[in-house]
Amino acid sequence: MTEPRFDRTHTDDLMRFIQASPSPYHAVANAAKQLVTAGFTETAETDAFPTEPGGHYLIRGGTLVAWWVPDGAPAHTPFRIVGSHTDSPNLRIKPRPDTGRAGWRQVGIEVYGGPLWNSWLDRDLGLSGRLALADGSQRLVHIEQPFLRVPQLAIHLHRSTNEALTLDPQTHLEPVWGLGTPTDGELIAYVAKHAGVAAEDVLGWDLMTHDVQPPAYLGRDGELLAAPRMDNLVSVHASVAAVISAVGNGDSIPVMVANDHEEIGSKSDTGAEGPLLLTVLRRLVHSRGGSYDDEARALAGSFCISADMGHAVHPNYPEKHEPNHQPVPNGGPMLKVNATQRYTTDANGRALFATTCEKAGVPWQIFVSNNRQPCGSTIGPSTAAGVGIRTVDIGVAALSMHSARELCGAADPYLLASCLAAFSKVEL
């Protein structure tokens, strides 16, 4: 096989990160491990913020914020922020999950975000998330072996299924996990045993399904990457690399924020519409003796890049795309533009992005939706409006977004990380 023309080390590491991060809670835990290795230390929100220079991070639920304060940085030093999100569409476990019929044990689920329902059919699914325990602690759980499956109806029983597949999310998406009569509490008991805790100590849970098939290079020359949750773990992984690479830059404070709940509108205490990021930025100013005016100066001089996956042109549906803007895999990160501010990019953002890509030596391209096809959104508008800082939206081109398994160019994650690493070094 011909080696792809890119630094395969980054993409190999991304594949390991995705496989180890089936839930937002695992994603932030694994990102934190990389930060600790690079010299960052954890800060608790309930403690006084550190006043000394260096790298720190905090975790709230499925959200991570990390930053590096250069030695001698004035209180009004601006921030260079890279934003992403940790959650992905999936099937999440209900509060009373034990159900079933016709001799099958099943699991009650809720649909989270906007997944392609059909992509979850006939896949070997694992279970992951967190358990809340009676002593106030939490325990991550990751069941990686094939555990659940949403069986599709045989074509013999639905002859027109290839012409019109209709799924009822209440009944047709419930996975099976065994035979027999369902018993209340047995799923959580099984999960608790797997996590090494007593079932009676589990008082709450945030659990979700994931495809256990590992990421893989695809294509004749391995030029493509197939994996689950690339929206948006590709950007989370690149953001961690970027904030680590920015250590030592004295002109700004590099910050990364990886929010939870983007796929359901960002309206939560850990979502981009919550106050967490702004609170952190304010505390970074005031913990170093800054005034309200220093805070205003710091925010006015700041810039945020919101990095999220975007759409490559689908070869089987080219009419769905804007004909004069045709992003392709391995073409470099995309500038995402929308006149109604579903993406925050404006002329200044475009100039910054172009300069950043030039400094990084990476190609770039532009995504604009077809006027007949409304575009999605990202954390960009929420961050720009909530924090009041200039923001630009970018992303990696992909196919099958929101599928249980997505597809992008194998070189693009590295190109995105290179772009984000150069961001902190570009003069505004």
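Nothing here was measured: the structure is a model prediction, and the numbers come from that model.

K.L.:
I keep staring at the nonpolar core and nothing clicks. Help me out?
P.N.:
As a rule of thumb, soluble globular proteins bury nonpolar side chains together. If you look at the biggest cluster of nonpolar residues, it comprises 51 residues, and the most contacted ones within it are L35, M230, M309, I394 and L420. Per-element tally for this core: the top contributor is helix α4 (residues 230-245), with 8 residues. Excluding anything up to four places from it in sequence, M230 contacts I18, L225, M309, E406, L407 and C408. Within the second largest apolar cluster, 27 residues are counted, among which are V107, L131, L187 and V197.

K.L.:
Whenever I open this one, the sheet that holds strand β20 (residues 406-409) confuses me. Can you help?
P.N.:
For sheets, the rule is that strands pair by backbone hydrogen bonds, running either parallel or antiparallel. In spatial order, the strands read β11-β12-β20-β19-β15; together these 5 strands make up an open sheet with mixed pairing. Each end of this open sheet is capped by a strand with a single partner; those strands are β11 (216-218) and β15 (310-311). Where β15 and strand β19 (residues 397-399) come together, 2 bridges link them in parallel fashion. Bridge assignment links H311 to a residue of β19, and that residue is A398. Against the sheet, helix α1 (residues 8-19) contacts β11 and β12 (224-227), and its axis sits at roughly 130 degrees relative to β11.

K.L.:
Is there a simple way to think about the state of the cysteines in this case?
P.N.:
Cysteine pairs can be linked by a disulfide, which is a covalent bond between their two sulfur atoms. Under the criterion given, the structure shown has 0 disulfides. In this model C375 remains outside any disulfide bridge; the closest cysteine sulfur is found in C304, 17 Å from its own.

K.L.:
Where do I start with unusual backbone geometry in this structure?
P.N.:
In terms of backbone geometry, most residues other than glycine have negative phi values and most peptide bonds are trans. Going from D231 to N232, the amide bond is cis rather than trans, its omega being 20 degrees. Examined against the element boundaries, N232 turns out to sit in helix α4. Of note in the backbone geometry, H402 takes a positive phi value of approximately 75 degrees without being a glycine. Of note, H402 is situated in the loop between β19 and β20. According to the relative accessible area criterion, H402 is buried, its value standing at 18%.

Reading the values: rules and limits
The written sequence of each chain sets the order in which its residues are numbered from 1. Per-residue local features are limited, in this predicted model, to residues with pLDDT of at least 70; the limit for side-chain atom pairs, both in listing and counting, is 80 or more; totals at the level of whole chains, interfaces and linings are taken over all residues. Side-chain numbers here rest on the full set of heavy atoms in the structure, without hydrogens or water. Put simply, buried Ala, Val, Leu, Ile, Met, Phe, Trp, Tyr and Cys residues joined by side-chain atoms within 4.5 Å make one nonpolar core. Each residue is assigned to one of three classes by its accessible area relative to the maximum for its type, calculated with a 1.4 Å probe on protein chains only: buried under 20%, partly exposed between the two thresholds, exposed over 50%. Where helices and strands are cited, they refer to DSSP runs of H or I of at least four residues and of E of at least two residues respectively, numbered from the N terminus. We call two residues contacting when some pair of their heavy atoms lies within 4.5 Å. Two strands qualify as a pair provided that DSSP identifies no fewer than 2 bridges between them. Orientation is described by axes fitted as lines to C-alpha atoms, over the contacting stretch for helices, and by angles from 0 to 180 degrees between their N-to-C directions. The disulfide criterion is simple: two cysteine sulfur atoms within 2.5 Å.

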